[in-house]
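# Residue-level structural notes
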Amino acid sequence: MHRRSLISTALAAGLLPTAGRAQTFPSKQLRLVVGFAAGGGGDIVARVLAQELTKSDGLSVLVDNKPGAGGNVATREALRGPADGHTVLLANVGMLAVNPYAMKDVGYDPQADIAPVCMAVDFSNVLVVHPSVPARTLAEYLALAKRPEGMDYGTSGIGGAGHLAGELLKARSGAKLNHIPFRGGGPAMNDLVAGHVPSLIASAPTATAFMRDGRIRALAVTGAKRSPFDPDIPTIAEQGFPGYAATNWYTIVVSSKTPPELVAALGTIMNKALAAAEVRAAYAQQGMETLGGTAEEAKAHIARETEIWKKVIADAGIRLE
């Protein structure tokens, strides 16, 4: 997929409607709801976007962190807001393609209750360890995890991409990996750096700065190929688990009750911000690829990912509670 051309196409095709409610949109502050605590990957994505919307378009944007239940708290909160396009959810793979199929009751139906606006970013997660852990390869890490006590690993929360990546690795390797959920990537990273948890499956934005200054050690990335931003870190797939892939992505969505002309207007605004050179550079510095695009492309992406993860969940018998 050609990311920059997608954004350009969306800008050309999504001209702001000239009649009705969309003429004066937005008419008040935008509320960008994030399902994880400050400092994590989702929070970084939201704040870079909010800064650009404020700087370039003069919009007032509130980044509203609502951590809990792997993003489900934020999703329910966003859907309770007015369906006027001003309450926007930054949703990830867990919230839309995993939790509804691996949890008993998330309180929403992503197919019926959500209207995609556009994709935002995607990136691999990274398996990282505290320097005190005597493992420098994935094989050494999994050997430690096959001891009776196993190996604890933290993530940003239940049902997130990190959690699913860990469950998939557990199923493929047979290692005893013990999940420790946090209320966001920031708190999880703080505990890893402090030595309170030995390992973490973290988003690239959360882990990058700590990896580069040597405070944590990276063992593997979860994507199907090495990250162009950290090419020296091998994939899990190339370290003995062919076909393994678990990436994270964020998309901008609103309530499905939102009028279509407002969804289109919001898409135009968001794609303009995502096309900004400063935004692309800021995301790239954090190991993320900027996406953008149309609502239909976002809908198709979510549908593809949902089918992939539903099969993984069913085949591995994964239940997230």
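An account of the accompanying structure is given in this report. The residue count restarts for each chain, going from 1 along the sequence in the order it is written. Thresholds applied to this predicted model are a pLDDT of at least 70 for local features of residues and 80 or more for the giving and counting of side-chain atom pairs; totals over whole chains, interfaces and linings are not thresholded and use all residues. Note: side-chain values were computed over all heavy atoms of the structure, leaving out hydrogens and water.

### A short note on the overall build of the protein chain
To keep things clear, this is the line we draw: Secondary structure elements are taken from DSSP: a helix is a run of H or I of four residues or more, a strand is a run of E of two residues or more, and numbering for both begins at the N terminus. For every residue, the accessible area obtained with a 1.4 Å probe (protein chains only) is divided by the maximum for its type, and the residue is called buried under 20%, exposed over 50%, and partly exposed between those limits. What makes two residues a contact is simply this: any of their non-hydrogen atoms within 4.5 Å. Where accessible areas are quoted, they stem from the Shrake-Rupley method and a 1.4 Å probe; at the residue level, only the protein chains shown are allowed to cover.
For the protein chain, the count of helices and strands is 12 helices and 10 strands. If you line up the protein chain on its principal axes, its C-alpha atoms span 65 × 40 × 30 Å. Of all 321 residues assigned to the protein chain, the portion counted as buried reaches 58%. Nonlocal contacts in the protein chain, meaning residues at least 24 apart in sequence, comprise 77% of its contacts between residues at least 6 apart. For the protein chain, the exposed surface amounts to about 13,100 Å²; the carbon and sulfur share of it is 54%.

### Focus: unusual backbone geometry
Cis rather than trans, the peptide bond between F25 and P26 has omega equal to -5 degrees. Turning to its location among the elements, P26 is positioned in the loop between α1 (3-13) and β1 (30-34). If you check the backbone angles, A69 has positive phi at about 55 degrees while not being a glycine. With respect to the helices, strands and loops of the structure, A69 is situated in the loop between β2 (61-65) and α3 (72-80).

### What about the environment of A204?
Tracing the chain through its elements places A204 in helix α9 (residues 204-212). Setting aside residues up to four positions removed in sequence, A204 forms contacts with F123, S124, V126, Q286 and G287.

### Some remarks on the packing of helix α4 (residues 93-102) against helix α12 (residues 295-316)
The line we're drawing: What counts as an axis is a line fitted to C-alpha atoms, over the stretch in contact for a helix, and the angles between N-to-C directions run from 0 to 180 degrees. A clockwise turn of the near helix away from the far one marks a right-handed crossing, whereas an anticlockwise turn of less than a right angle marks a left-handed crossing.
Packing of α4 against α12 leaves a shortest axis separation of 9 Å and a crossing angle of 40 degrees. Here α4 runs over α12; the crossing is right-handed. Listed contacts from α12 to V93, L96, A97, V98, Y101 and A102 of α4 are I302, E305, T306, W309, K310 and I313.

### Here's the deal with the side chain of D84
Applied cut-off: A 3.5 Å cut-off defines polar contacts: any pair of N or O atoms within that distance qualifies, except that in protein one atom must be a possible hydrogen donor and the other a possible acceptor, and neighbouring residues in sequence count only when both atoms are side-chain atoms.
Take D84: it is sitting in the loop between α3 and β3 (87-92). Within the structure, the side chain of D84 is placed 3.0 Å from the backbone nitrogen of H86, a separation counted as a polar contact. Setting aside anything within four residues of it in sequence, one finds D84 in contact with F25, K28, T258 and L262.

### Re helix α6 (residues 138-145)
Rules: Directions pointing from the helix axis toward each C-beta atom define the arc.
Looking only at α6, the buried set comprises L138, Y141, L142, L144 and A145. Summarising the axial view, the buried residues of α6 lie within an arc of 155 degrees, below the 170-degree limit, and thus occupy one face.

### Digging into α4
α4 sits mainly inside the fold: nine of its 10 residues count as buried. Residues of α4 that are buried include every one of V93, G94, M95, L96, A97, V98, N99, P100 and A102, and no others. With a side-chain oxygen positioned 3.2 Å from the backbone nitrogen of G94, the residue opening α4 is N92.

### Quick look at the environment of A46
Note on placement: A46 falls in helix α2 (residues 41-57). Measuring from C-alpha to C-alpha, the distance between A46 and K146 comes to 38 Å, with 100 residues separating the pair along the chain. Setting aside anything within four residues of it in sequence, one finds A46 in contact with L32, V34, V63 and L90.

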